[in-house]
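Coordinate analysis (summary)
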Amino acid sequence: MKKIAVFTSGGDAPGMNACIRAVVRGAIYHGVEIVGIRRGYNGMISGDIFPMDSRSVSNIVQRGGTVLKSARSKEFVTPEGRKKAYENIMSHGIDGLIAIGGNGTFTGAEIFYNEYQIPTVGCPGTIDNDLYGTDYTIGFDTAVNTSLEAIDKIRDTADSHDRIFFIEVMGRDSGYIAIQSGIGGGAEIVMVPETHTPLKKVVSTLKDGWKRQKSSSIVVVAEGDEAGNATDIANSIKEQVGDKLDIRVTTLGHIQRGGTPTAYDRILASRLGLGAIEGLLNGHKNEMAGIVNNELVYTPFIDTIKKRKPIHDDLLRMVHILSI
Ligand code: F6P
């Protein structure tokens, strides 16, 4: 391979820049030409492709967001969009791609390969940590720490007013941020899409806590919980308990997607970026580089897309025991 392109796609995640840096410098180290594509698949379609060198990734290892910008491309979902993308890839003489993103990004890469045989290796970049084939995704650790900082602050005011807070964290289909920030923040209850939490059980846990003189309670809700978002859930609970419990809701939202990446995310992103470029140069294709049990592994896109990464039962059990 003589020329490789790197792009970020889908929801951005802190650490994506560290990953881009590792891809670019890894390519240069191995004597391969490297170009960047702006705004993910949209840039592939519009031809927003530019040469990168070692200096184009200076001073970004510590920055959140992505210098390559990102998008969720509607046009790439269409055969016409993918044809335009292929023509641009060909006209730039690109032999392979590094895709940094999540589920949607790898689904696109898989379809693109089946149609046009452009080999791609992926790096898991999403705060959700919902990809099979890696213990952790780039950005997850930072997002958990950001949520945790907010939960700690909310706990102060909850405690002062003897209140119950429902705090919604991100995670469309996944409760990883919720469970980790919930455990770290000492939440009384964590509600995740992976398990069913009956609202009756939530009410009884909160009432029991009150009887045991708890001065505040925190319920962390993943945005994708089957019972609805934090506001829906809090409203149903209020209907059941009346004004006996003083309830408030906070939605953390996109604050979790920004900010300086933690040391963990920078190192993970650097390992995965280098792993991806070296994997592509060694003949891997349509696979995601991941870290499992501290080892670099490659997992077919199809598995990262289709297989679920379950939340360990122990973690949910722990929330219950530790909030006694
Ligand atoms: O996939 C990452 C994520 O932050 C999800 O947790 C969230 O549901 C979604 O992206 C939000 O996407 P958008 O920024 O496009 O609204």
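Since the model is a prediction, treat every value here as computed from it, not as a measurement.

Another aspect to go through is the domain arrangement of the chain. As assigned here, the chain comprises domain 1 (3–139 + 261–306) and domain 2 (142–257). Across the boundary between the two partners, domain 1 contributes 14 residues, which contact twelve residues of domain 2. Surface buried jointly by domain 1 and domain 2 totals about 1100 Å² across both partners, of which 47% is contributed by carbon and sulfur atoms. In this structure, the connection of domain 1 to domain 2 is made through one salt bridge. Here Asp 12 ties to Arg 257 by a salt bridge, and the two come within 2.7 Å at their closest N and O atoms. Our count for the contact surface shared by domain 1 and domain 2 stands at six residue pairs in polar contact (both at pLDDT 80 or more).

We now examine the sheet that holds strand S9 (residues 247–251). Strand order in the open sheet formed by four strands is S7-S8-S6-S9, with parallel pairing between adjacent strands. Each having just a single partner strand, strand S7 (189–191) and S9 make up the two edges of the open sheet. For this sheet, the mean angle separating the axes of adjacent strands, direction not counted, is 20°. Alignment of strand S6 (residues 164–169) against S9, held across five bridges, turns out to be parallel. The partner of Glu 168 across the bridge, within S9, is Thr 251.

This part covers the site of the ligand. Every residue close to the ligand is listed here: Arg 72, Thr 126, Ile 127, Asp 128, Met 170, Gly 171, Arg 172, Glu 223, His 254 and Arg 257. A distance of 2.9 Å separates an oxygen atom of the ligand from a polar atom in the side chain of Arg 72. One of the side-chain nitrogen or oxygen atoms of Glu 223 is found 2.5 Å away from an oxygen atom of the ligand. For the ligand, the protein covers 78% of the area, taking 400 Å² as the surface of the free molecule. Each of domain 1 (3–139 + 261–306) and domain 2 (142–257) gives at least three residues to the shell around the ligand.

Our focus in this paragraph is the nonpolar core. As a rule of thumb, soluble globular proteins bury nonpolar side chains together. Among the nonpolar cores identified, the biggest contains 56 residues, and Val 6, Met 52 and Ile 98 are the most heavily contacted of them. When residues of this core are sorted by domain, at least three fall in each of domain 1 (3–139 + 261–306) and domain 2 (142–257). If near-sequence neighbours (up to four positions away) are discounted, Ile 98 is found in contact with Ile 4, Ala 5, Val 6, Phe 7, Val 23, Val 121, Cys 123, Ala 276, Ile 277 and Leu 280. Among the nonpolar cores identified, the runner-up in size contains 22 residues, and Tyr 41, Ala 85, Phe 112 and Phe 301 belong to it.

Before going further, it helps to spend a moment on the pairing of strand S1 (residues 3–8). Looking down a regular strand, the side chains alternate between one sheet face and the other. Taking burial as the measure, the six residues of S1 include six buried ones, the bulk of the element. Alternating residues of S1 divide into Lys 3, Ala 5 and Phe 7 and Ile 4, Val 6 and Thr 8, and every residue in both groups is buried. Across four bridges, S1 lies against strand S2 (residues 33–37) in parallel orientation. Each residue of the ladder has a partner; that of Ile 4, found in S2, is Ile 34. In this region the chain leaves S1, passes through helix H1 (residues 16–29) and returns to the parallel neighbour S2; the handedness of that crossover is right-handed.

Cut-offs applied
Residues numbered from 1 in each chain as written. Predicted model: local features only at pLDDT ≥ 70, side-chain atom pairs only at ≥ 80, totals over all residues. Heavy atoms only, no water. Domains from an automatic or database assignment. Contact = heavy atoms within 4.5 Å. Buried area = accessible area lost by both parts, 1.4 Å probe. Salt bridge = Lys/Arg side-chain N within 4 Å of Asp/Glu carboxyl O. Polar contact = N/O pair within 3.5 Å; in protein donor to acceptor, adjacent residues only side chain to side chain. Pairing = 2+ DSSP bridges. Helix = DSSP H or I, 4+ residues; strand = E, 2+ residues; numbered from the N terminus. Axes fitted to C-alpha atoms, helices over the stretch in contact; angles between N-to-C directions. Near = heavy atom within 4 Å. Areas by Shrake-Rupley, 256 points an atom, 1.4 Å probe, with all protein chains shown as cover. Core = buried A, V, L, I, M, F, W, Y, C linked by side-chain atoms within 4.5 Å. Buried < 20%, exposed > 50% of the residue type's maximum accessible area, 1.4 Å probe, protein only. Right-handed = clockwise from strand over helix to strand, strands pointing away.

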